[in-house]
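# Commentary on secondary and tertiary structure
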Amino acid sequence: MTMEKRGAWQAVAIIPAAGSGRRMRLPEQTQRQKLLLPLVGKTIFRRTLEALALPEIEAFFIPVSPEDRGLFSEEIKGGGFSQEIIFCAGGPERQDSVANALTAVERWPGWRVPPERRLVVIHDAARPLVEAEIIRQVLDVAEETGAACVGVPVKDTIKVVGPEGIVVQTPERGTLWAAQTPQVFSWPVLKEAYAQAQTAGDKMTDDAALVERTGHPVQMVRGSYRNLKITTPDDLPAAAALLQTAAADKGREEKTRCWTAATGPGPRGQSTLRIGQGFDVHRLVAGGRLVLGGVEIPAPVGLVGHSDADVLTHAVIDALLGAAGAGDIGEMFPDTDPAYAGIDSTLLLEQVMAKLGTAGWQPVNLDVTVIAQKPKLAPYRDQIRRRMATLLGLPLRAVNIKATTTEGLGFTGREEGIAAQAVVLLENTVFSCQDT
Ligand code: CTP
Ligand code: MG
């Protein structure tokens, strides 16, 4: 995705999880739901959600059968997802489950872009091994084409077999692909496909087939043979083996990874490091309080704002939220909310740190520039630095506070206001490259 496009599109995921797993042949007395079976320490369902938890995907719509809803919501209780999670009712067939989720997607209040720039990722809950890079590729292709489907060329020769077990046809293998999920569609394309299927009474086993019937071309994207759909009992040991080899490969990769300009940060979007910047300005008036970085500075002038107008702390908060891809200060603490009137901004910073912490983010370092003609900040620099280090849980050497004048130029030079800029680096120590 190019930079301008990234902001102009939004994506959500539908994760059908309402099947009954008949082919898994689980004994009646045990757990009925195949998706809640453990797979190397986590359930299949949890693994699929974690695989889809990319910052590009803002919400998960999950059709489940109503009697299993409690069990599924237990699985997301531990948190760790920045996505909004919406359960909906499953239907008798997969297509009915997706159709129910589409109603919820259409009504979702989180959309900020017009329908033609909304993407819907549909991914079976039974495919926990999908890789982040592939999801991103299908998203990119769907942005261009409106409809994209992941698949792999078939390796076996495929036969069409008649009711008596007699082979009736052998299609030419060169053109045959096995369709998988994710499949990604723009909202108008998907809506039209489901509307037509409903009118015609069509039932298909994947969503691309419904789109094909409308005449809209579906672009095939080459995926991976590892992206198994857990269907029969022998898929479980196969998936476990694939997961364990992937974990071993990743361990080796991490050991050899070297963050130099020569080698670069590795495959796009897979770094566990994120950078963010923040900027803020507050107006200076005679009298009032001047608080910078949680430190009260004695001065004949003070800053005004809805909170305590701590411009430095606000820039730090925005840098943190920016690095985590979590919006901005105004979104988290609206200045129309009386709860934040005159509030100590370091309390807001604590809340931001808690929010980031639950998503696995830890600061690596912080650098701040305060732009002010007056007062001289050098005497308070160390105090501010210590306060910021404590609030961010960083050693002192990882925090830097600078101040500059603008040589009398501009609004800061005329002493009408103070500005602050912050840059922060975050590292995700909990979620893997694939998850972040
Ligand atoms: N699915 C669904 N609603 C249905 C049927 C299936 O949401 N009525 C979901 C399944 O939970 C699964 C995905 O669609 O994540 C693909 O289906 P499949 O692998 O066939 O799973 P099941 O239908 O559960 O298994 P089976 O066909 O063996 O009963
Ligand atoms: Mg099924």
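Residues numbered from 1 in each chain as written. Chains lettered and ligands numbered in written order. Predicted model: local features only at pLDDT ≥ 70, side-chain atom pairs only at ≥ 80, totals over all residues. Heavy atoms only, no water.

### So, the domain arrangement of the protein
Just so we agree on the cut-off: Boundaries of every domain are those given by an automatic assignment or by a domain database.
Each assigned domain of the protein is listed with its residue range as follows: domain 1 (3-232) and domain 2 (250-435). Measuring from the centre of the C-alpha atoms in domain 1 to the corresponding centre in domain 2 gives 39 Å.

### A few points about the sheet that holds strand β18 (residues 417-428)
The line we're drawing: A pair of strands counts as paired when DSSP detects no fewer than two bridges linking them. Here a strand is any run of E in DSSP of at least two residues, a helix any run of H or I of at least four, and the numbering for each starts at the N terminus. The axes used here are C-alpha line fits, helices contributing only the stretch in contact, and every angle between their N-to-C directions lies in the interval 0 to 180 degrees. Contact definition: two residues touch when any of their heavy atoms are within 4.5 Å.
In space, the 5 strands of this open sheet follow the order β15-β12-β18-β16-β17, with mixed pairing throughout. With one partner strand each, in any of the chains shown, β15 (301-304) and β17 (399-404) form the two edges of the open sheet. Neighbour-to-neighbour, the strand axes of the sheet open up by a mean angle of 25°, direction not taken into account. Seen against the sheet, helix α9 (residues 311-323) touches β12 (273-286), β15, β16 (361-371), β17 and β18 and runs at an angle of roughly 155° to β12. On top of the sheet, helix α12 (residues 381-392) reaches β16, β17 and β18; it is set at about 140° to β17, its chief contact.

### Regarding the pattern of salt bridges
Any two side chains of opposite charge can pair, on the condition that their charged atoms come close. Where we set the bar: The term salt bridge refers to a side-chain nitrogen of Lys or Arg lying within 4 Å of a carboxyl oxygen of Asp or Glu. Only protein chains enter the accessibility calculation, which uses a 1.4 Å probe. A residue is then buried if its area is under 20% of the maximum for its type, exposed if over 50%, and partly exposed in between.
One pass over the full model with this rule turns up 16 salt bridges. A salt bridge links Arg136 to Glu56; the nearest nitrogen and oxygen atoms lie 2.6 Å apart. Taken together, the positions of Arg136 in helix α5 (residues 132-145) and Glu56 in the loop between α2 (44-52) and β4 (57-64) put the pair 80 residues apart, joining distant regions of the chain. Residue class for Arg136 comes out buried when judged on its relative accessible area of 7%. Accessibility expressed as a relative area gives 15% for Glu56, which makes it buried. Residues Asp124 and Arg94 are paired through a salt bridge, measuring 2.8 Å at the closest nitrogen-oxygen approach. Linking Asp124 in the loop between β6 (118-122) and α5 with Arg94 in helix α4 (residues 94-107), this pair joins segments that are 30 residues apart in sequence. Classification of Arg94 by relative accessible area gives partly exposed; the value is 22%.

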